[in-house]
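# Chain and residue survey
Below, each chain spelled out in residue letters.
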Amino acid sequence: MRSSLIDATVRLAYKLAYKVVTGIWFFTRPTINGVFIAVWYQNKILIIKNSYRKWYIVPCGGIKRQEDPVQAAVRELHEEVGIEVEPNQLRFAGKFAER
């Protein structure tokens with residue numbers, strides 16, 4: 001029961017933090033560079049649903065300063081779903097920037 005309460009508290013904290021950050025971004029309009037990672041396996045594509053979003057999406061995340069997009073994809077894939085890959089196993093398809 002204690003771990004359920006902790007899990008619920010952490011999920012709530014993520015949801016609140018996400019809403020606060022998106023509210024700040026609404027006014028400051030920062031440029032965000034990021035990566036989306038499409039993982040195909042047996043003719044199926046991996047999609048996930050984070051606890052702080054209402055929709056399903058492929059694993060994705062921001063590119064840190066001084067980080068290559070492929071390095072960011074490797075890191076995000078591991079952080080989001082625990083899949084470990086080598087950079088040479090990925091194919092760079094393009095770059096996006098959101099404002």
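What counts and what doesn't
- Residues numbered from 1 in each chain as written.
- Predicted model: local features only at pLDDT ≥ 70, side-chain atom pairs only at ≥ 80, totals over all residues.
- Heavy atoms only, no water.
- Helix = DSSP H or I, 4+ residues; strand = E, 2+ residues; numbered from the N terminus.
- Contact = heavy atoms within 4.5 Å.
- Areas by Shrake-Rupley, 256 points an atom, 1.4 Å probe, with all protein chains shown as cover.
- Lys, Arg positive; Asp, Glu negative; His and termini not counted.
- Charge placed at Lys NZ, Arg CZ, Asp CG, Glu CD.
- 1 Å grid on protein atoms, 1.4 Å probe; cavity = no way out; pocket = protein on both sides within 12 Å on 5 of 7 lines; lining within 4 Å.
- Points joined across faces, edges and corners; volume = space filled by probe spheres on them.
- Nonpolar A, V, L, I, M, F, W, Y, C, P; charged D, E, K, R; others polar.
- Phe/Tyr/Trp six-rings, centres within 6.5 Å; stacked < 30°, edge-to-face > 60°.
- Buried < 20%, exposed > 50% of the residue type's maximum accessible area, 1.4 Å probe, protein only.
- Lys NZ or Arg CZ within 6 Å of the ring centre and 35° of its normal.

## Considerations on the overall build of the protein chain
When helices and strands are counted, the protein chain shows two helices and five strands. Listing the helices and strands of the protein chain from first to last along the sequence gives α-β-β-β-β-α-β. Once the C-alpha set of the protein chain is aligned to its principal axes, its extents read approximately 40 × 35 × 25 Å. Of the contacts made within the protein chain by residues no fewer than 6 positions apart, 48% connect residues no fewer than 24 positions apart. Roughly 8200 Å² of accessible area belongs to the protein chain as shown, and the carbon and sulfur atoms make up 57% of that amount. A distance of 10 Å separates the average location of the 15 positive side-chain charges in the protein chain from that of its 9 negative side-chain charges.

## Digging into the layout of surface pockets
When its volume is computed, the second largest pocket comes out at roughly 450 Å³. What lines the second largest pocket is a set of 20 residues, and nearest its centre among them are Phe36, Ile37, Ala38, Arg91 and Ala93. Of all the secondary structure elements, the ones that give two or more residues to the lining of the second largest pocket are strand S1 (32-36) and helix H2 (69-81). Broken down by element, the residue count for the lining of the second largest pocket peaks at four residues, all from H2. Of the residues in the lining of the second largest pocket, the class split is 15 nonpolar, three polar and two charged.

## Focus: the packing of aromatic side chains
Following the criterion strictly, the structure yields one aromatic pair and no others. Taking the centre distance of 5.2 Å and the plane angle of 85° together, the rings of Phe26 and Phe27 count as edge-to-face. Take Phe26: its relative accessible area is 48%, and that puts it in the partly exposed class. Positioned over the ring face of Phe26 is Arg29, at 4.7 Å from the centre of the ring.

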